[in-house]
Amino acid sequence: MATGNGAVTRRGFGKWAAAGLGTVAVAGTAGFATFEALGHRDKRLRLKNASAPEVTGANSLGAHAAARGLLFGAAVDPELLDIEGIALGHTDDAYTQLFVEQTRILVAENAMKWFALRPAADRFDFSKADRMMGFALLTGKVVRGHNLCWHEGLPSWFTKTVNKDNARQILIDHIRTVAGRFRGRLQSWDVVNEAIWLEDGRPDGLRKWPWLEMIGPEYIELAFRTAAEADPQAKLTYNDYGIETEAPDEAAKREQVLALLKRLKANGVPIGALGVQSHLHAAGEQPGAGLREFLKEVAALGLEVYITEMDVVSARIDGGKAGRDQATAKVYGDYASLMLADPSVKMLLTWGLSSGHSWVNEPDQRMKRFPDIWSEGPLPFDDDDRPTEAFWALRGAFDGAPPRVRAAS
Ligand code: 9MR
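About the criteria used
- Residues numbered from 1 in each chain as written.
- Predicted model: local features only at pLDDT ≥ 70, side-chain atom pairs only at ≥ 80, totals over all residues.
- Heavy atoms only, no water.
- Near = heavy atom within 4 Å.
- Polar contact = N/O pair within 3.5 Å; in protein donor to acceptor, adjacent residues only side chain to side chain.
- Areas by Shrake-Rupley, 256 points an atom, 1.4 Å probe, with all protein chains shown as cover.
- Helix = DSSP H or I, 4+ residues; strand = E, 2+ residues; numbered from the N terminus.
- Expected span 1.5 Å × (residues − 1).
- Buried < 20%, exposed > 50% of the residue type's maximum accessible area, 1.4 Å probe, protein only.
- Contact = heavy atoms within 4.5 Å.
- Pairing = 2+ DSSP bridges.
- Right-handed = clockwise from strand over helix to strand, strands pointing away.
- pLDDT = per-residue confidence, 0-100.
- Salt bridge = Lys/Arg side-chain N within 4 Å of Asp/Glu carboxyl O.
- Core = buried A, V, L, I, M, F, W, Y, C linked by side-chain atoms within 4.5 Å.
- Axes fitted to C-alpha atoms, helices over the stretch in contact; angles between N-to-C directions.
- Left-handed = near helix turned anticlockwise from the far one by under 90°.
- Nonpolar A, V, L, I, M, F, W, Y, C, P; charged D, E, K, R; others polar.
- Parallel < 35°, antiparallel > 145°, perpendicular 65-115°, else oblique.

1. Details of the site of the ligand
Right, so step 1: As a structural note, the neighbourhood of the ligand is formed by 14 residues, with Glu109, Lys113, His146, Glu309 and Glu362 the closest of them.
Right, so step 2: Here glutamate 309 contributes a side-chain N or O atom positioned 2.7 Å from a nitrogen atom of the ligand.
Right, so step 3: With the chains in place, 87% of the 460 Å² that the ligand exposes on its own is no longer accessible.

2. Topic: helix 17 (residues 389-400)
Right, so step 1: Here helix 17 contains 12 residues, and its C-alpha end-to-end distance of 17 Å stays within 8% of the 16 Å for a straight helix at 1.5 Å per residue.
Right, so step 2: For helix 17, the full list of buried residues reads Ala390, Phe391, Trp392, Leu394, Arg395, Ala397 and Phe398.
Right, so step 3: As for helix 17, its buried residues are in contact with helix 4 (61-66), strand 1 (71-76), helix 6 (94-102), helix 15 (320-340) and strand 9 (345-350).

3. Comments concerning the side chain of histidine 174
Right, so step 1: Relative to the helices and strands, histidine 174 resides in helix 10 (residues 167-181).
Right, so step 2: Classification of histidine 174 as buried rests on a relative accessible area of 0%.
Right, so step 3: With sequence-adjacent residues up to four places away left out, histidine 174 is seen in contact with Trp114, Arg118, Phe124, Leu148 and Ala179.

4. Overview of the pairing of strand 8 (residues 304-313)
Right, so step 1: The buried fraction of strand 8 amounts to 10 of the 10 residues, a majority that puts the element mostly inside the structure.
Right, so step 2: Strand direction decides the pairing type here: strand 6 (residues 273-276) and strand 8, joined by four bridges, are parallel. Among the inter-strand pairings, valine 276 is bridged to a residue of strand 8, identified as isoleucine 307.
Right, so step 3: The pairing of strand 7 (residues 279-281) with strand 8 spans three bridges and is classified as parallel. By the bridge assignment, histidine 281 is partnered in strand 8 with valine 313.
Right, so step 4: Pairing analysis gives four bridges linking strand 8 to strand 9, with the strands arranged parallel. Residue methionine 310 lies in a different strand from strand 9, and its bridge partner there is threonine 350.
Right, so step 5: In this fold, the crossover linking strand 8 to strand 9 by way of helix 15 has right-handed handedness.

5. Re the environment of leucine 154
Right, so step 1: Topologically, leucine 154 is positioned in the loop between strand 3 (142-146) and helix 9 (157-161).
Right, so step 2: Relative accessible area serves as the criterion here: at 22%, leucine 154 is assigned to the partly exposed category.
Right, so step 3: Expressed as a C-alpha distance, the spacing of leucine 154 and alanine 116, which sit 38 residues apart in the sequence, is 8.6 Å.
Right, so step 4: Not counting chain neighbours up to four residues away, the residues in contact with leucine 154 comprise Trp114, Phe115 and Trp209.

6. A word on helix 12 (residues 219-230)
Right, so step 1: With 12 residues, helix 12 ought to run about 16 Å at 1.5 Å a step, and its terminal C-alpha atoms sit 16 Å apart, in line with that.
Right, so step 2: What helix 12 keeps buried is the set Tyr219, Ile220, Leu222, Ala223, Phe224, Thr226, Ala227 and Ala230.
Right, so step 3: Those residues of helix 12 that are buried are in contact with helix 10, strand 4 (188-193), helix 11 (210-215), strand 5 (235-240) and helix 13 (248-266).

7. Re unusual backbone geometry
Right, so step 1: Residue asparagine 147 is bonded to the preceding histidine 146 through a cis peptide linkage, with omega at -10 degrees.
Right, so step 2: A positive phi angle, near 70 degrees, is found at serine 278, a position not held by glycine.
Right, so step 3: According to the relative accessible area criterion, serine 278 is buried, its value standing at 0%.

8. Re the confidence of the model for the chain
Right, so step 1: Chain-level pLDDT for the chain is 87 on average; 84% of the residues reach the 70-or-more range.
Right, so step 2: Long-range and interchain partners of residues 1-48, a stretch whose pLDDT sits below 50, account for 95 contacts in this model, where long-range means more than four residues apart.

9. As for the pattern of salt bridges
Right, so step 1: For the structure on display, the rule yields 13 salt bridges.
Right, so step 2: Put simply, arginine 131 and glutamate 84 hold a salt bridge, and the shortest N to O gap is 3.2 Å. Here arginine 131, found in helix 8 (residues 127-139), pairs with glutamate 84, found in helix 5 (residues 83-88); they are 47 residues apart in sequence, far enough to count as distant.
Right, so step 3: You can call glutamate 84 partly exposed: its relative accessible area is 46%.
Right, so step 4: When the shortest N-O distance is used, the salt bridge between aspartate 334 and lysine 330 registers 2.6 Å. One end of the pair, aspartate 334, and the other, lysine 330, are both in helix 15, four residues apart, so they sit about a helical turn from each other.
Right, so step 5: Taking relative accessible area as the criterion, aspartate 334 reaches 43% and is therefore assigned partly exposed.
Right, so step 6: Classification of lysine 330 by relative accessible area gives exposed; the value is 52%.
Right, so step 7: Several salt bridges share partner residues, and in doing so they unite Asp382, Asp384 and Arg386 into one network.

10. Some details on the nonpolar core
As a rule of thumb, nonpolar side chains are buried together in soluble globular proteins.
Right, so step 1: Among the nonpolar cores identified, the biggest contains 106 residues, and Trp189, Val192, Trp211, Tyr219, Phe224, Tyr238 and Met339 are the most heavily contacted of them.
Right, so step 2: Tallying contributions element by element places helix 15 first for this core, with eight residues.
Right, so step 3: Formed by 13 residues, the second largest nonpolar core is a distinct cluster that contains Ile105, Val107, Leu349 and Trp351.

11. So, the packing of helix 10 against helix 12
Right, so step 1: Across the interface, helix 10 lies against helix 12 with an axial gap of 9 Å and an inter-helix angle of 35 degrees. Along this stretch, helix 10 crosses helix 12, giving a crossing that reads as right-handed. Mapping the contact onto sequence places Arg168, Leu171, Ile172, Ile175, Arg176, Ala179 and Gly180 in helix 10 and Tyr219, Leu222, Ala223, Thr226, Ala227, Glu229 and Ala230 in helix 12.
Right, so step 2: Classifying every residue of the contact of helix 10 with helix 12 gives nine nonpolar, two polar and three charged.

12. Quick word on the packing of helix 14 (residues 289-300) against helix 15
Right, so step 1: As a packed pair, helix 14 and helix 15 sit with axes 10 Å apart at the nearest point and diverge in direction by 30 degrees. On the basis of their axis angle, the class for helix 14 and helix 15 is roughly parallel. For the crossing formed where helix 14 meets helix 15, the hand is right-handed. Mapping the contact onto sequence places Leu291, Arg292 and Leu295 in helix 14 and Tyr335, Leu338 and Met339 in helix 15.
Right, so step 2: Taken together, the residues of the contact of helix 14 with helix 15 break down into five nonpolar, no polar and one charged.

Structure follows, in structure tokens:
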């Protein structure tokens, strides 16, 4: 676990906290410069923990990505963050330190979803989301929002309350209130999440769910236009999964996503980016030429591309833990290299940072999706916050990426 003399103190958070929040926000990532002094040692050590100098400061994922003009970050659970310690200038909490050390951009894994923000139809609760924003402010992190419109993560009152008469207004009110609250403070918003679902059999590939059924396909356009009014600065993003590999169903889904993006652009909808979730599997079909071609088409629409939720499930890989770790690392390296070779890809976020806090190993998810095997190491750090093989593979992919002029902001 984290050492007493943790990185937070070394990075001078005491000074930042004393200077007040306004100064902290301006300081941004400049605070990382002091860490360059540690130098770069490209040695593949099995490290004691995540605050060892070989993986922190100039050697962190965030710093290596930034050296290429890329943003690296991860999904976080704000309830687990020791924000009080950060505010006082020091924390011993390993989870918190990992995010301080490694990331430059954060996204709430759940805290900005409907079920977290809407305890009742007539009430908003921003406490968890605000906690994350406070942490980001104190530590100079960029933040992206997830998500404004999704068929999952809805509160229990939703189906009882929303009907054809009020659906449009409820969607507008939610987006105005939520995007409005964080106006000017988010790098991007996942405005619409996972709207394509080929299994529903519609020619346009759209998922049949309450907003579609009650508002019609134009709910997507409505969501983007409302978000643009509420927060004109954020890059408004369409985010989806299952569009990464060469598998025929994923290639077909890519086509429908591209068609949707083209329709939105043709109608002048204010969309700025595509989020490719990137929940990958080490076994089975891998990403390849189809994805490369797709990226070119997306870029031609003038959209940025973000890797928004990367992790790798190693279920059904032989060779025990070592075999699974290696296979996972290979996917991290190959996938990040393929994606980052395209200049439209501006950032990479993993869905969590250490396997101790990964949805892949949440009991209900595991039993539903991967019941046959524990999928250790889906992320760049393991249960004990040591870097996994995937850490080195991902960092190597950042090093090999063509430099961007500047990071997305
Ligand atoms: O990781 C999230 C998990 O903790 C939640 O229970 C679940 C439902 O809200 O959502 C998970 O995150 C999902 C993300 O919001 C959208 N893409 C797929 C992610 C993994 O299921």
